[in-house]
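Structural characterization, general
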Amino acid sequence: MVAMPALDQDVLARRAAVVAALSAIVPGEGVIDTETGMRPYESDGLTAYRQLPMVVVLPETVEQVSQILKYCYEQNIKVVPRGAGTSLSGGALPLGDGVLLGLSKFNRVLDIDYENRAVVAQPGVTNLGISNAVSDRGFYYAPDPSSQIACTIGGNVAENSGGVHCLKYGMTTNNILGVEMVLITGEIVRIGGKFLDSGGYDLLALICGSEGLLGVVTEVTVRILKKPETARALLVGFPTSEAAGDCVAKIIGAGIIPGGMEMMDRPAIMAAEAFVHAGYPLDVEALLIVELDGPEAEVNQLLESVSKIAEACGSSTLRVSTSEKERLKFWAGRKAAFPAVGRLAPDYYCMDGTIPRRRLPDVLTRIRELSEKYGLQVANVFHAGDGNLHPLILYDANKADELDRAEKFGSDILRYCVEVGGVLTGEHGVGVEKRDLMPTMFNEIDLAQQQRVKCAFDDRGLLNPGKVFPTLHRCAELGRMHVKGGKVPFPELPRF
């Protein structure tokens, strides 16, 4: 556990001044500066890394956010935005010399517009909360991360989150229409709205997935959809993971786009079934959940087509949901896979690489080889339809070097994802977890160009520094990258 460091008098005086200034902006209980009070904010979902912030501030209005950022900009103080803290890449890891800006009090749905099929929500509204707000009229919000009961729409925008239904309905970026965002200077800007498109640069796509490096989102307008007329799910078991991976490729190759298509290997199946009792077969090595939705006649035809493909790929079991209750039960096990796997070991390290679907069998084989190399078990859960892998590497942080081995294991998985034509992340973001792997995918010119965008929004590098980029290029240096120097490696991260 990272304790509060001993501070000299100058640092204490500066910290006291920051606390006083923030307390004037957010009176009452809006500022937390005690070690005990800040402890819940020391980490996000990547619990291997922990750091107490200098101070936590919890604004309630957009004007307060604006004043906080303007003050921090004028005083050259770093700021880390935080939503629900469910990030699995360390995106909300605090800084010991920075302000942690929590948005949990921004938790209201502001407007429901059925005519334009849009909902305007504050960033602290949970993902599932949006669907619940419109369910009585037969609408829902499509992206559904497994953490949707807790993760917030602001965090979804920051990481461009996906979910089990993103194969057909897209990621967050495909389902948001507009944002209100406060820049580090305190300026409040609006990008997009309830309309489908606007002229000029597509800044909305740039902001979605920017991981809190460009601004603080204070309002999100999302697209809502009418619930499908019919939705049914197939539960298909296979004797090998390779056979299941082959089935995934053949379904997509046949021109079928399921509403969702998820895969679990044997350890994940066993854990999920013991946790949820979803009725999963326990004598298979891999399990596919394939959901088909749309008009009833179309769904029935697709069910027949997918069943034939699964049988041709060597499926050993196949069940089709016969009721809405059974369909939801199939998904309940998959949605609970992450907490279920937590029963298998004291700790696990959740990866997030994405690969071409046709390489799934190769990657599964490689993961098994790496498991033997590092002496650590792994449970695999995939958004199989879009090639997004979630290997869960099991370890015990109380045992010497197991965390180190888990991190090296995960890094090798991600390197192999890039090697076979994939990318480092599908939805969890880069954060601090994959920060030092970025040169695996991008060269120095690529990274510098990305940082130029960062500098256009945040010329002093105060918003969420230390995330995404492996080295810090000073904005002034980016115009003359041919000159060596001007790069500052980020320090080692404080691990638990």
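Note: the structure precedes this text.
Our subject in this report is the structure included herewith. Remember, it's a predicted structure, so these values are computed and weren't measured experimentally. Per chain, the residues get numbers from 1 upward, laid out in the order the sequence is written. In keeping with the model being predicted, local features are shown solely for residues with a pLDDT of at least 70 and side-chain atom pairs are shown and tallied solely at 80 or more, while totals for entire chains, interfaces and linings include all residues. Only hydrogens and water are removed before side-chain values are computed, so all heavy atoms of the structure are retained for them.

1. Things to note about the overall build of the protein chain
Looking only at helices and strands, one finds 16 helices and 20 strands in the protein chain. Radius of gyration means the value over C-alpha atoms here, while the globule rule gives 2.2 Å times the residue count to the 0.38 power. What you see for the protein chain is a C-alpha radius of gyration of 23 Å, in line with the 23 Å of a compact globule of 496 residues. Its C-alpha atoms give the protein chain principal-axis dimensions of roughly 70 × 55 × 45 Å. It only takes one pair of heavy atoms within 4.5 Å for two residues to be counted as in contact. Within the protein chain, counting contacts between residues at least 6 apart in sequence, those at least 24 apart form 71% of the total. Here the accessible surface of atoms and residues is derived via Shrake-Rupley with a 1.4 Å probe, and residues count as covered only by protein chains that are part of the display. When the accessible surface of the protein chain is split by element, carbon and sulfur atoms take 52% of a total near 20,700 Å². Counted as positive: Lys and Arg. Counted as negative: Asp and Glu, with His and the chain ends omitted from the count. Every charge is mapped onto a representative atom, which is NZ of Lys, CZ of Arg, CG of Asp or CD of Glu. Of the side chains in the protein chain, 49 bear a positive and 61 a negative charge, and the two mean positions are spaced by 1 Å. A run of DSSP states H or I qualifies as a helix once it reaches four residues; a run of E qualifies as a strand once it reaches two. Both are numbered from the N-terminal end.

2. A short note on the side chain of E433
As for its placement among the helices and strands, E433 is situated in the loop between α14 (402-419) and α15 (438-441). Accessibility expressed as a relative area gives 11% for E433, which makes it buried. Filtering out sequence-adjacent residues up to four positions away, E433 remains in contact with L46, L88, S89, Y349, C350 and M351. Burial classes follow relative accessibility: with a 1.4 Å probe on protein chains only, a residue under 20% of its type's maximum area counts as buried, one over 50% as exposed, and anything between as partly exposed.

3. Some points on the packing of helix α8 (residues 241-253) against helix α13 (residues 360-374)
Helix axes use the C-alpha atoms of the stretch in contact, all axes being lines fitted to C-alpha atoms, and the angles between their N-to-C directions lie in the range 0 to 180 degrees. One can describe the packing of α8 onto α13 by two numbers: an axis separation of 8 Å at closest approach and a directional angle of 155 degrees. One element, α8, and the other, α13, form an angle in the roughly antiparallel class. Read as a crossing pair, α8 and α13 show a hand that is right-handed. Taking contact as the criterion, the partners of S241, E242, G245 and D246 in α8 are, on α13, L360, P361, L364, T365 and R368. Looking at the contact of α8 with α13, its residues break down into 3 nonpolar, 3 polar and 3 charged. For classification purposes, angles smaller than 35 degrees are called roughly parallel, those larger than 145 roughly antiparallel, those between 65 and 115 roughly perpendicular, and all remaining angles oblique. It is the rotation of the near helix from the far one that decides the hand of a crossing: anticlockwise by less than a right angle makes it left-handed, clockwise makes it right-handed. Residues are grouped as follows: nonpolar covers Ala, Val, Leu, Ile, Met, Phe, Trp, Tyr, Cys and Pro; charged covers Asp, Glu, Lys and Arg; every other residue, Gly included, is treated as polar.

4. A few points about the packing of α8 against helix α10 (residues 296-312)
For the pair α8 and α10, the least separation of the axes is 9 Å and the interaxial angle reads 140 degrees. Of the two possible hands of crossing, α8 and α10 adopt the one that is right-handed. Residues C247, K250 and I251 of α8 form the contact with α10, whose own contacting residues are V306, I309 and A310. In terms of residue class, the contact of α8 with α10 is built from 5 nonpolar, no polar and 1 charged.

5. Regarding the state of the cysteines
Disulfides are defined in this document as cysteine sulfur pairs within 2.5 Å. Inspection of every chain in the model, using the stated rule, returns 1 disulfide. Unpaired in this structure, C247 has its nearest cysteine sulfur neighbour in C313, at a distance of 4.5 Å.

6. Let's talk about the environment of G387
Note that G387 resides in the loop between β17 (378-383) and β18 (388-395). Measuring from C-alpha to C-alpha, the distance between G387 and R359 comes to 8.7 Å, with 28 residues separating the pair along the chain. Look past the residues within four positions of G387 in its chain and what remains in contact with it is G353, T354, I355 and R357.

7. As for helix α4 (residues 127-134)
Buried residues of α4: N127, I130, S131 and V134, and no others. Looking straight down α4, one finds its buried side chains confined to an arc of 95 degrees; they lie on one side. Structurally, α4 contributes buried residues whose contacts are with β5 (109-113), β6 (118-121), β7 (139-140), α5 (153-159) and β10 (216-223). In this context, the arc is that of the directions from the helix axis out to the C-beta atoms.

8. Observations concerning the nonpolar core
Side-chain atoms within 4.5 Å link the members of a nonpolar core, which is a set of buried Ala, Val, Leu, Ile, Met, Phe, Trp, Tyr and Cys residues. Ranked by internal contacts, the top residues of the largest apolar core, which has 62 residues, are F238, M263, L288, L292, I393 and F409. A total of 8 residues in this core trace back to one element, the largest contributor, which is α14. For I393, the contacting residues outside a window of four places in its chain are D347, Y348, Y349, M351, L376, Q377, V378, A406, F409, G410 and I413. Counting residues in each nonpolar core, the second largest holds 27 residues, with V57, Y71, L101 and V182 among its members.

9. Digging into a nonpolar patch on the surface
Nonpolar side chains collect at one region of the surface, where Y201, L203, L206 and V453 lie side by side and expose about 390 Å² of accessible area between them. Mapped onto the fold, V453 is located in helix α16 (residues 444-457). Among the residues examined, V453 registers a relative accessible area of 30% and is labelled partly exposed. Patches in this entry comprise residues that are over 30% relatively accessible and not in a salt bridge; like charges within 9 Å are linked, as are nonpolar side chains (Val, Leu, Ile, Met, Phe, Trp, Tyr) within 5 Å. Criterion for a salt bridge: a side-chain nitrogen of Lys or Arg within 4 Å of a carboxyl oxygen of Asp or Glu.

10. A closer look at the sheet that holds strand β4 (residues 98-102)
The strand order across the open sheet built from 4 strands is β1-β2-β4-β3, with neighbouring strands paired in mixed fashion. Where the open sheet ends on each side, the last strands, each with one partner, are β1 (31-32) and β3 (78-82). Paired strands, as defined in this entry, are two strands with at least two bridges between them according to DSSP. Relative to strand β2 (residues 55-57), β1 runs antiparallel, the two sharing 2 bridges. Looking at β2, one finds that V31 is bridged to V57.

11. Considerations on the environment of E444
Structurally, E444 can be placed in helix α16. By relative accessible area, E444 is classed as partly exposed at 34%. For E444 and T471, which are 27 residues apart along the polypeptide, the C-alpha to C-alpha distance reads 9.9 Å.

12. Section: unusual backbone geometry
The residue N76 is not glycine, and still its phi comes out positive at about 60 degrees. Relative to the elements of secondary structure, N76 occurs in the loop between α3 (62-75) and β3. Given a relative accessible area of 46%, N76 falls into the partly exposed group. One non-glycine residue, H277, lies in positive phi territory at about 60 degrees. You can see H277 is positioned in the loop between α9 (266-276) and β14 (286-294).

13. Remarks on the pairing of strand β13 (residues 260-265)
Most of β13 is tucked away, with 6 of its 6 residues classed as buried. Neither face of β13 is left uncovered, since the one carrying G260, E262 and M264 and the one carrying M261, M263 and D265 both have all their residues buried. In this sheet, β14 lies alongside β13 in antiparallel orientation, the contact comprising 6 bridges. Looking at β14, one finds that M263 is bridged to L288. Pairing of β13 with β17 involves 2 bridges; the strand directions are antiparallel. Bridging across to β17, M263 finds its partner in F382.

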